[in-house]
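As a plain string of letters, each chain reads:
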Amino acid sequence: LEWFGPYLTPQIAEFLRFAAHEQTTPFAADASLMVGRSELAGRIAWAEHVLTEYPDSPAHDQVAFRYHQYFAAFLGLPNSPAFDWRTRMLRPDVRQAFDAFLDAHGSLEAAAVLREYMDLLERHRYRRTPEIDSFLQSQWAILDRYRIGS
């Protein structure tokens, strides 16, 4: 990037800088988060920014794929769960991360989805229920605005 950066379009240069960061600091491995949820929140914000600012970018599909991965991981992974497996209650640190995301990135489309999820969690007293599971399974469709291949 140092040598050929001046010859790249801004969106490709931004994508390559981020891809290099992702390669040196992967967000997940073996169904576990490898970064904190605050770092992951920043990656979600970056991806949505790129998808919004550069909708015709040649890197669109790669960024959209990462955006979906980041958001799904932010909501919880098998080895970094959002819910306590014994009580089925949302873990306090995860709830704090969700609240911090809404405070820092409240204007994003991902925040609208998270707000909807938080409303559902509140209605279920932050306990994992079949309705919560259905929401989590449908989150791919909710973020379909940035469809891969569009």
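Above this text sits the structure in question.
Residues numbered from 1 in each chain as written. Predicted model: local features only at pLDDT ≥ 70, side-chain atom pairs only at ≥ 80, totals over all residues. Heavy atoms only, no water.

Engineer: Talk me through the packing of helix H2 (residues 37-53) against helix H4 (residues 92-105); I want residue IDs and the actual numbers.
Structural biologist: Put simply, H2 and H4 touch, their axes get as near as 10 Å, and they point 35 degrees apart. For the pair H2 and H4, the sense of crossing is right-handed. Residues Arg-37, Ala-41, Ile-44 and Ala-45 of H2 touch H4, and the partners they reach there are Val-94, Ala-97, Phe-101 and His-105. By residue class, the composition of the contact of H2 with H4 is six nonpolar, one polar and one charged. (Axes fitted to C-alpha atoms, helices over the stretch in contact; angles between N-to-C directions. Helix = DSSP H or I, 4+ residues; strand = E, 2+ residues; numbered from the N terminus. Left-handed = near helix turned anticlockwise from the far one by under 90°. Contact = heavy atoms within 4.5 Å. Nonpolar A, V, L, I, M, F, W, Y, C, P; charged D, E, K, R; others polar.)

Engineer: Hey, could you go over the nonpolar core for me, with residue numbers and the actual values?
Structural biologist: In this structure, Phe-98, Phe-101, Leu-114, Tyr-117 and Leu-121 are the most contacted members of the largest nonpolar core, which totals 44 residues. Only helix H1 (10-24), H2, helix H3 (60-75), H4, helix H5 (109-123) and helix H6 (130-142) provide two or more residues apiece to this core. With residues near it in sequence (within four places) discarded, Leu-121 still touches Phe-83, Leu-90, Phe-98, Tyr-126 and Ile-132. (Core = buried A, V, L, I, M, F, W, Y, C linked by side-chain atoms within 4.5 Å. Buried < 20%, exposed > 50% of the residue type's maximum accessible area, 1.4 Å probe, protein only.)

Engineer: Talk me through unusual backbone geometry; I want residue IDs and the actual numbers.
Structural biologist: Both trends apply: most residues other than glycine have a negative phi, and most peptide bonds are in trans. Even without being glycine, Arg-125 reaches a positive phi, approximately 55 degrees. Tracing the backbone through its elements, the reader meets Arg-125 in the loop between H5 and H6. A relative accessible area of 68% means that Arg-125 is categorised as exposed. Backbone geometry at Tyr-126 places phi at a positive 65 degrees, although glycine is not the residue there. Of note, Tyr-126 is situated in the loop between H5 and H6.

Engineer: With reference to specific residues and values, describe the packing of aromatic side chains.
Structural biologist: Under the criterion given, the structure shown has seven aromatic pairs. Ring centres 5.3 Å apart and planes at 45 degrees place the aromatic pair Phe-74 and Phe-98 in the tilted group. Here Phe-98 lies in helix H4 and Phe-74 lies in helix H3, a separation of 24 residues in the sequence. Residue classification places Phe-74 among the buried positions, given a relative accessible area of 0%. Among the residues examined, Phe-98 registers a relative accessible area of 0% and is labelled buried. By way of ring pairs, the aromatic residues Phe-74, Phe-98, Phe-101, Tyr-117 and Phe-135 are connected into one cluster. Stacked on the ring of Tyr-126, the Lys or Arg Arg-95 has its end atom at 3.8 Å from the ring centre. (Phe/Tyr/Trp six-rings, centres within 6.5 Å; stacked < 30°, edge-to-face > 60°. Lys NZ or Arg CZ within 6 Å of the ring centre and 35° of its normal.)

Engineer: Can you break down the layout of surface pockets residue by residue, with the values?
Structural biologist: Of the voids in this model, the largest pocket is the one considered here, and its volume is about 290 Å³. Along its surface, the largest pocket is lined by 16 residues, and Leu-75, Gly-76, Leu-77, Arg-128 and Leu-136 are the ones closest to its centre. If you list the elements that add at least two residues to the lining of the largest pocket, you get H3 and H6. Sort the elements by how many residues they give to the lining of the largest pocket and H6 lands first, with four residues. For the lining of the largest pocket, the per-class residue count stands at nine nonpolar, three polar and four charged. (1 Å grid on protein atoms, 1.4 Å probe; cavity = no way out; pocket = protein on both sides within 12 Å on 5 of 7 lines; lining within 4 Å. Points joined across faces, edges and corners; volume = space filled by probe spheres on them.)

Function-wise, these values are silent; they only describe arrangement.
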